[in-house]
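# Working through the structure, step by step
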Amino acid sequence: MDRTSIRGRNIKLVVVVVSQSGHKDDTNEERMIALRKRAEVDSKNLIIFVPDAEAELQQSLSRLSTAFGDLANTYYRDESRKVKARLERKSFGSVELNVRYCFKVAVYAEFRRDWPEALKLYEDAYHALREMVGTSTRMPPIQRLVEIKTIAEQLHFKMSTLLLHTGKVAEAIAWFRQHTANYRRLVGAPEVIFLHWEWLSRQYLVFAQLLETSSAIALQVPSMGSVPAEKPTEWEFHPAYYYQLAASYLKEKNICLEFALSISEAVDPIDGSAESVVASLYVGQFSRLLEHGGAYIMQPLADDEYVRYTLAEGKRFQDSFEIIALLKRCFEAYSNSNAERTAAYCGFQMAREYFLLSDFSKAKQIFDSVASLYRREGWLLSLWEVLGYLRECSKGMSSAKDFIEYSLEMAALPETTGAFEPLTKDCGPAGPATLSQRTKIHTEAFQVARGESELNSKEQNGQLKVNSEYPLYLEVDLVSPLRVVLLALVAFHQPTVKPGAPTLITIALRSQLPTNVEIDQLEVQFNQSECNFIIVNGQKPQIAAISNVQPGRRVETAPALVLATNKWLRLTYEIKSDQSGKLECIYVIARIGPNFTICCRAESPASMNDLPLWRFENLLETIPIKDPGLASSGQKAIQVEEPDPHVDLILGSAGPALVGESFILPVTVASKGHALFSGELKINLVDTRGGGLLSPREEEPFSADNLHVELVDISCDVPEDQSDSLSDKIQKIQPSFGLISVPSLDVGDKWSCKLKIKWNRPKPIMLYVSLGYFPQSGEPSSQKVHVHKSLQIEGKTAVTISHRYMLPFRQDPLLLSKIKSVTEPDQMPSLALNELTMLIIGVKNCSEVPLRLLSISIETEESNGACSVQPQNEEFREPIVHVPGEEFKKVFTIYPNGNSNKLRIGTVSLRWERDSSVVGCAQVTKHRLPDVNVELPLLVVSLECPPHAILGNPFVYSVKIHNQTEKLQEMKCSISDSQSFVLSGPHSDTMLVLPQSVHVVSYMLVPLGLGSLQLPRVTVNSVRYSAGLQPSAAASLIFVYPAKPHFESSDT
């Protein structure tokens, strides 16, 4: 390599030696030093590249990247110094070179990632460029200004990018504000003023895209001192704000372009000379490309040629679709930010562009959404303009219905102050919102609706026409904007009425249309179609007679049906209904002409809502109905009462119901003044406390036991002459509902049935019985009559069963479970193994009626004979009368003979019946005894003494200790003195009781008193178990006679 060929050209060499990882001898230090000297390169620019080892490959690439980066930085720094030296010496002959040098050094600074330097030099270039405006040069003035704006756009793009990508959003916005202010007034020559608006639109579009895609990077960029420190508004931080202004300026560009094209006579549809104009090598300049001798040359353009070129280009491209795209982005952004009003404005501008493109379908869709907001906000002038566009869109789509709706809504809008003729161009295609214009629209709409005229549509061969083939039907509901066109209030004069009795109804109509409206026919419709009637206009009898009058329909004639502006038309008529229930007016239908109908949903005066757009207008308030009471509280519905029944429904009750029994309730139907045909009896059981009849135990599957109360059966008496016909009648029975057919009855006849209701748990219920029948046979139009009765029945528990265990008299076993220091709350009771235990069963009458107890038994559950119960079943010879509140007790003996930690004793079963019920109606109440623990007692202590004593005669009082363990037991026995007895024997003694043996301690007592005396208290303590046994006070009593008593035995 010849080094002399690159000397003096600021070229740096990097030598890369490619070596395999296994040939390190080829790249030893001596050879590398020789190679570096021969190539005259620094050690850092001699790189050994090893491609076949992953770790060394990464290190080689890193060294190579560092070397090239350092060399590039060095090169750009050196070049920057050269250009900056010229700038400091100001050794340039023109301002253009100053701008060029600043831009070049700034680009070099960007390459070196010296962001503060780049931003400063871009700013210097921008200010130097601004000084060039107005200076005379050899370039034509129009192209000169275009070039300056193009370069300013490039410089602004560079500075905005640096500021936004470093997180300085507020400074970037402030700089953009200054940039647009600097060039906003430099519009240029009048014939190319559209280029200025296009350039300004592009500034907003580019900045919006930068603001939308910018991401803050941790770069240190200083604040720009030349930017004013005004704080940006909240909207200036949203890209949608700039997209909106970009679309606005692009729209202004189209307006100016159309004006320039209209006054230019030199522009053909396709200017051939414009095809040879191309962008020059310099930014912002254009030249003509000519072919000369097989080569292409660039020829400068004159301003006239440049103007013709720009006009031809502007005519060839349409900006409407770009405007729509920008406005759509604004609309979506504002909608997502819940800025409804700004979004509506952008939507309006977008819809207007679709309208100019004759895309009426899309335009109408957007205009409708904008109009709904303007109606809600009450912006009359804006709503007027939108409705004008919607009216034209409907005409373009040949939709007569939409055209009439929008026209009538416009005509019924309130008058707006300040709407005068000079503002016509700002009011849309409908013109100014004046009274004369509203009247004109009103007249035109009704001429089309009546079929008196037809309007040509913007579609091909399309017309707006209303005739018999294309009738027009408008519906006005409670939220329709057409309520201002026709508002119908209906009020009944009475809240209730008897079937067939007449009552008065008033229909009040009002319209806000600017001129009077004459109605040919009114039809009032109810939920009961037989009450519908028609009101015809007395001034047009020949038309009313032929217009939609059904045969048999009631027809009324009014003197005139004319609606004046903001005045109520009141019509009052009689009406009667033979059908009970709710009678409600639903629609008031107005027919104007043979093919135009307005169906208005009826409203009640008491619940009438104001007209939103007329709420704050200065109008004379009038009431819809002359009666002030009806005007404030009138309703469009009335309740028609049921016919008076002449049949009695009798519910018999035998007192409260008892849980477990089948409660019989007789129901009697007695005809007094009506014959009864097609009768049905409905039975409903309802909880009086509002809950259900189902048990709250959700884990159990559904069954009859889950129901607190259930309807079991319905038995009825069937007349012999109707037994065959009644077999096909309805009979449905559910736990809480029953339905049964009632046979036909003549006047004076009776029929009865019995309801069988069963209570599984105590619960009060309300029994509802409803009888529905026809008083006449074979007439489907006759009114059904209903009779309702209710009865509250209290379901109570008949008996409650309790139990308790008792030990044998004067016997006390020591159980291990009873000597625990801590007793568990859910611990089962314990019984002594092979010892007799008494079970006391208590039965209490909780009802209000006397009961008869028939039998009581214990159904054992153990099948292995682990426990014997005596007596197991006892049938009472004579039923025991159990009065309310009384408790009956029965004693059973239990003898456990098997050791078990969970012994199932069984279930107590009690058969009972009411004292007044017939034989065979016995009920069974069961009570399951809880499980018990059976264990062998450690010790059994029993006291033995005679059943009675005689004054002065001694008797033996023994304490028997039975050790049932396999261990020797040390026992302590003590006895206390008593004033009623003379005691002989040890007061305190300690003894040893052998395993499986009995030890007896005897005392001799002599009674000193008479009557029931307390024996001396005996206490027995076990040393091993630290437990004491002491007989109860009842077990220590004995009766002392003065002499030996004589007892006589009885056979009874």
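Residues numbered from 1 in each chain as written. Predicted model: local features only at pLDDT ≥ 70, side-chain atom pairs only at ≥ 80, totals over all residues. Heavy atoms only, no water.

Across its full length, the protein holds 18 helices and 54 strands. Counting only residues that meet the buried cut, the protein has 44% of its 1052 residues in that class. Considering only residue pairs separated by 6 or more positions, the protein has 72% of its internal contacts joining residues 24 or more positions apart. (Helix = DSSP H or I, 4+ residues; strand = E, 2+ residues; numbered from the N terminus. Buried < 20%, exposed > 50% of the residue type's maximum accessible area, 1.4 Å probe, protein only. Contact = heavy atoms within 4.5 Å.)

This part covers the sheet that holds strand β25 (residues 709-716). Pairing is antiparallel in the open sheet, where 4 strands are placed in the order β21-β23-β28-β25. The strands lining the two open edges of the sheet, one partner per strand, are β21 (647-651) and β25. Each adjacent strand pair in this sheet contributes to an overall mean axis angle of 20 degrees, direction not counted. The pairing of β25 with strand β28 (residues 750-759) spans 7 bridges and is antiparallel. Bridge assignment links Glu710 to a residue of β28, and that residue is Lys758. (Pairing = 2+ DSSP bridges. Axes fitted to C-alpha atoms, helices over the stretch in contact; angles between N-to-C directions.)

On to the packing of aromatic side chains, then. By the definition in use, this model includes 28 aromatic pairs. The interplanar angle of 80 degrees and the centroid separation of 6.2 Å between the aromatic rings of Tyr126 and Tyr183 together place this pair among those described as edge-to-face. With a gap of 57 residues between them, Tyr126 in helix α4 (residues 115-130) and Tyr183 in helix α6 (residues 169-183) connect regions that are remote in the sequence. Where Tyr241 meets Tyr242, the ring centres are 5.1 Å apart and the plane angle is 85 degrees; that geometry is what we call edge-to-face. Note on Tyr241: relative accessible area 26%, which makes it partly exposed. Residue class for Tyr242 comes out buried when judged on its relative accessible area of 1%. (Phe/Tyr/Trp six-rings, centres within 6.5 Å; stacked < 30°, edge-to-face > 60°.)

Volume-wise, the second largest pocket comes out at about 520 Å³. Along the wall of the second largest pocket there are 25 residues; nearest its centre are Val146, Leu195, Glu198, Arg202 and Tyr306. Broken down by secondary-structure element, the contributors of at least two residues to the lining of the second largest pocket are α5 (141-164), α7 (193-213) and α9 (303-316). For the lining of the second largest pocket, the element with the highest residue contribution is α7, accounting for 6 residues. Class assignment of the residues belonging to the lining of the second largest pocket gives a composition of 13 nonpolar, 6 polar and 6 charged. (1 Å grid on protein atoms, 1.4 Å probe; cavity = no way out; pocket = protein on both sides within 12 Å on 5 of 7 lines; lining within 4 Å. Points joined across faces, edges and corners; volume = space filled by probe spheres on them. Nonpolar A, V, L, I, M, F, W, Y, C, P; charged D, E, K, R; others polar.)

With that out of the way, let us pick up empty space enclosed by the protein. For the structure on display, the rule yields 4 cavities of 30 Å³ or more. As a volume, the largest cavity reaches approximately 50 Å³. For the largest cavity, the full set of lining residues is Phe446, Val485, Leu486, Ser511, Leu513, Val517, Ile519, Leu563, Ala590, Ile592 and Ile598.

Read from one edge of the open sheet, 3 strands run β9-β11-β17, paired in antiparallel fashion. One side of each edge strand has no neighbouring strand; the edge strands of this open sheet are β9 (487-492) and β17 (569-575). Put simply, the sheet's adjacent strands are angled 20 degrees from each other on average, direction ignored. Where strand β11 (residues 503-510) meets β17, 7 bridges bridge the pair, whose relative direction is antiparallel. Within β17, the residue paired with Ile505 across the bridge is Tyr573.

What follows covers the nonpolar core. Counting residues in each nonpolar core, the largest one holds 157 residues, and the members touching the most others are Phe367, Ile404, Leu509, Phe526 and Phe596. Residues Phe663, Val709, Leu745 and Ile765 belong to the second largest nonpolar core, which totals 32 residues. (Core = buried A, V, L, I, M, F, W, Y, C linked by side-chain atoms within 4.5 Å.)

Let's shift gears to the confidence of the model for the protein. Averaged over all residues, the pLDDT of the protein equals 81, while 86% of them reach at least 70. The secondary structure element of the protein with the lowest average pLDDT is helix α18 (residues 723-726), at 50, and the one with the highest is strand β19 (residues 596-601), at 94. Low pLDDT (under 50) marks residues 216-222, which in the prediction has 17 contacts with non-local residues, meaning those over four places away or in another chain. Here residues 266-270 is modelled with pLDDT under 50, and outside its nearest four sequence neighbours on either side it reaches 7 contacts, counting other chains as well. (pLDDT = per-residue confidence, 0-100.)

All right, on to the pairing of strand β24 (residues 677-687) then. Successive side chains on a regular strand alternate, one facing one side of the sheet and the next facing the other. Pairing of β24 with strand β29 (residues 765-774), which is carried by 9 bridges, proceeds in the antiparallel orientation. Looking at β29, one finds that Leu685 is bridged to Leu767. In this structure, β24 lies alongside strand β27 (residues 737-742), joined through 6 bridges in antiparallel fashion. The residue bridging Leu681 from the neighbouring strand is Ile740, located in β27.

With 36 residues, helix α2 (residues 54-89) extends 53 Å between its outermost C-alpha atoms, agreeing within 8% with the 52 Å of an ideal straight helix rising 1.5 Å per residue. If you check which residues of α2 are buried, you get Leu57, Ser60, Leu64, Ala67, Leu71, Glu79, Ser80, Val83 and Leu87. Its buried side turned inward, α2 meets β1 (15-18), β2 (46-49) and α3 (95-111). (Expected span 1.5 Å × (residues − 1).)

This brings us to the pattern of salt bridges. Tallied over the entire structure, the rule returns 40 salt bridges. Of the charged contacts, one joins Glu584 and Lys636 as a salt bridge, the two residues approaching to 3.6 Å between their closest N and O atoms. Taken as a pair, Glu584 in strand β18 (residues 581-591) and Lys636 in the loop between α17 (628-633) and β20 (637-640) lie far apart in primary sequence, 52 residues in all. With its nearest N and O atoms 2.8 Å apart, the salt bridge here joins Glu944 to Lys960. One end of the pair, Glu944, is in strand β44 (residues 939-944); the other, Lys960, is in strand β46 (residues 955-963), and 16 residues separate them in sequence. (Salt bridge = Lys/Arg side-chain N within 4 Å of Asp/Glu carboxyl O.)

Looking now at the environment of Ile880. Among the secondary structure elements, Ile880 is positioned in strand β38 (residues 873-882). A relative accessible area of 25% means that Ile880 is categorised as partly exposed. Filtering out sequence-adjacent residues up to four positions away, Ile880 remains in contact with Leu851, Arg852, Leu853 and Phe888.

Here strand β54 (residues 1037-1041) shows a clear split, with Ile1038 and Val1040 buried on one side and none of Leu1037, Phe1039 and Tyr1041 buried on the other. Bridge count for strand β45 (residues 948-950) against β54 is 3 bridges, and the pairing is parallel. Note that in β54 the partner of Ala949 across the bridge is Val1040. In the sheet, strand β51 (residues 1011-1014) pairs with β54 via 4 bridges, with the strands oriented antiparallel. Bridging from a neighbouring strand, Gly1011 pairs with Val1040 of β54.

Close contact between α3 and α4 brings their axes to 8 Å; oriented N to C, the two are set at 165 degrees. Put simply, α3 runs roughly antiparallel to α4. As for how α3 packs across α4, the hand of that crossing is left-handed. Together, Val95, Asn98, Val99, Cys102, Phe103, Val105, Ala106, Val107, Ala109 and Glu110 of α3 and Trp115, Glu117, Ala118, Leu121, Tyr122, Asp124, Ala125, Ala128 and Leu129 of α4 make up the contact between the two elements. Within the contact of α3 with α4, the residues separate by chemical class into 15 nonpolar, 1 polar and 3 charged. (Parallel < 35°, antiparallel > 145°, perpendicular 65-115°, else oblique. Left-handed = near helix turned anticlockwise from the far one by under 90°.)

Another aspect to go through is the environment of Ser678. Mapped onto the elements, Ser678 comes out in strand β24. Along the sequence, Ser678 and Val742 sit 64 residues apart, while their C-alpha atoms lie 7.0 Å from each other. Beyond its immediate stretch of four places on either side in the chain, Ser678 contacts Gly772, Tyr773 and Phe774.

The subject of this paragraph is unusual backbone geometry. The linkage connecting Gln870 with the following residue, Pro871, adopts the cis geometry, with an omega of -15 degrees. Checked against the element boundaries, Pro871 lands in the loop between β37 (867-870) and β38. Of note, the phi angle at Ser358 is positive, near 65 degrees, even though the residue is not glycine. One can find Ser358 in the loop between α11 (340-356) and α12 (360-377). Here Ser358 falls in the partly exposed class, since its relative accessible area comes to 48%. Of note, the phi angle at Gln996 is positive, near 55 degrees, even though the residue is not glycine. Among the structural elements, Gln996 can be located in the loop between β49 (988-993) and β50 (997-1007). Judged by relative accessible area, Gln996 falls into the partly exposed class, the value being 46%.

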